[in-house]
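Observations on the three-dimensional arrangement
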Amino acid sequence: MSRPTIHAPERGDARTRLLDAARDLIRERGYAGTSIDDLCRSAGVSKGAFFHHFAHKLALGVAAAWHWAETTTAFFAAAPYHAPADPLDRVLAYIAFRRSIIAGPIPGFVCLVGTLASEVYVTGPAIRDAAALSIFGHAATLEADIAAAMAERSIASPEPASLARYFQVALQGGFILAKAGNEAALAREALDHLDRYIRLLFNLPLETRHAATH
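Residues numbered from 1 in each chain as written. Predicted model: local features only at pLDDT ≥ 70, side-chain atom pairs only at ≥ 80, totals over all residues. Heavy atoms only, no water.

Remarks on a nonpolar patch on the surface
- A cluster of nonpolar side chains, namely Tyr166, Val169 and Tyr197, defines an oily patch on the protein surface of about 280 Å² accessible area.
- Note on placement: Val169 falls in helix H9 (residues 160-181).
- Residue classification places Val169 among the exposed residues on the basis of a relative accessible area of 52%. (Patch = residues over 30% accessible without salt bridge, like charges linked within 9 Å, V, L, I, M, F, W, Y side chains within 5 Å. Areas by Shrake-Rupley, 256 points an atom, 1.4 Å probe, with all protein chains shown as cover. Salt bridge = Lys/Arg side-chain N within 4 Å of Asp/Glu carboxyl O. Helix = DSSP H or I, 4+ residues; strand = E, 2+ residues; numbered from the N terminus. Buried < 20%, exposed > 50% of the residue type's maximum accessible area, 1.4 Å probe, protein only.)

Observations concerning the confidence of the model for the protein
- Per-residue confidence for the protein gives a mean pLDDT of 92, with 90% of residues at or over 70.
- Note on residues 4-11: pLDDT under 50 across the span, and 15 contacts to partners over four residues away in sequence or across chains.
- Note that residues 208-214 has pLDDT below 50 and, in this model, nine contacts with residues that lie over four places away or in other chains. (pLDDT = per-residue confidence, 0-100. Contact = heavy atoms within 4.5 Å.)

Description of helix H8 (residues 143-152)
- All of the buried residues in H8 are Asp145, Ile146, Ala149 and Met150. Buried residues along H8 cover an arc of 130° about the axis, so they all sit on one side. Facing away from the buried side of H8 by more than 90 degrees, the exposed set consists of Ala144, Ala151 and Glu152.
- On its buried face, H8 is in contact with helix H5 (87-100) and H9.
- Downstream of H8 by one or two residues, Ser154 has phi in the positive range, about 55°. (Arc of directions from axis to C-beta.)

Some remarks on the packing of aromatic side chains
- All chains considered together, the criterion is met by ten aromatic pairs.
- Directly above the ring of Tyr31 sits Lys57, whose terminal nitrogen or CZ lies 4.2 Å from the centroid. (Phe/Tyr/Trp six-rings, centres within 6.5 Å; stacked < 30°, edge-to-face > 60°. Lys NZ or Arg CZ within 6 Å of the ring centre and 35° of its normal.)

Here we look at helix H10 (residues 185-201)
- Look at H10: 24 Å from first C-alpha to last across 17 residues, which is about the 24 Å you get at 1.5 Å a residue.
- Turning to H10, its buried residues number three or more, namely Ala187, Ala190, Leu191, Asp192, Leu194, Asp195, Ile198, Arg199 and Leu201.
- Immediately downstream of H10, the backbone of Asn203 shows phi near 55°, a positive value. (Expected span 1.5 Å × (residues − 1).)

Thoughts on the packing of helix H1 (residues 14-29) against helix H2 (residues 36-43)
- Their axes nearest at 9 Å, the elements H1 and H2 cross at an angle of 120°. By the angle class used here, H1 and H2 are oblique. Two packed elements cross with a definite hand, and for H1 against H2 that hand is right-handed. Residues Arg17, Leu18, Ala21, Ala22, Leu25 and Arg29 of H1 touch H2, and the partners they reach there are Asp38, Leu39, Cys40, Ser42 and Ala43.
- Considered class by class, the residues forming the contact of H1 with H2 number seven nonpolar, one polar and three charged. (Axes fitted to C-alpha atoms, helices over the stretch in contact; angles between N-to-C directions. Parallel < 35°, antiparallel > 145°, perpendicular 65-115°, else oblique. Left-handed = near helix turned anticlockwise from the far one by under 90°. Nonpolar A, V, L, I, M, F, W, Y, C, P; charged D, E, K, R; others polar.)

Set out below in structure tokens:
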């Protein structure tokens, strides 16, 4: 998952500031490249404050994944793609919304939990598992709309849960390509292909597919 970095007007308590610092620094530098000193400096807290809230960096990583899940759940729940009455329109609006928030510097739109999972899936299983709950949990929020759209149009396969997970393949893969190529347009391109695939799957007219990609 990804969302724009939203900075609250108030600095908040030390724990929240450390989690927000982790969100930003890990997306920019990676988990291994972010030190406790970096986190404390960015959050404006002492090392004593860090260890008051987190026993070690691993604990901070797990908490950061949970913090990401909590804040992104609220962010996407309030997003405008839920508004259309037709479930297929909601699915397509979701893709369009995800594309629209791929803007600005790359660290500001890539996914924290995707970054964590790819980096520490062997060395930090507790972080990996927390990241997985966030990634798969967000994918599951699309299942009902996908299932309803398939039922209304008599589309028999793939399974809605599998297709919802494929959205994450396009998103997370797009983020990796954007990092590799140092170009945000590569992530948007991945979503353009996802949009075309969904329109083909649901037998939408070519004119509609063409209009939606421009």
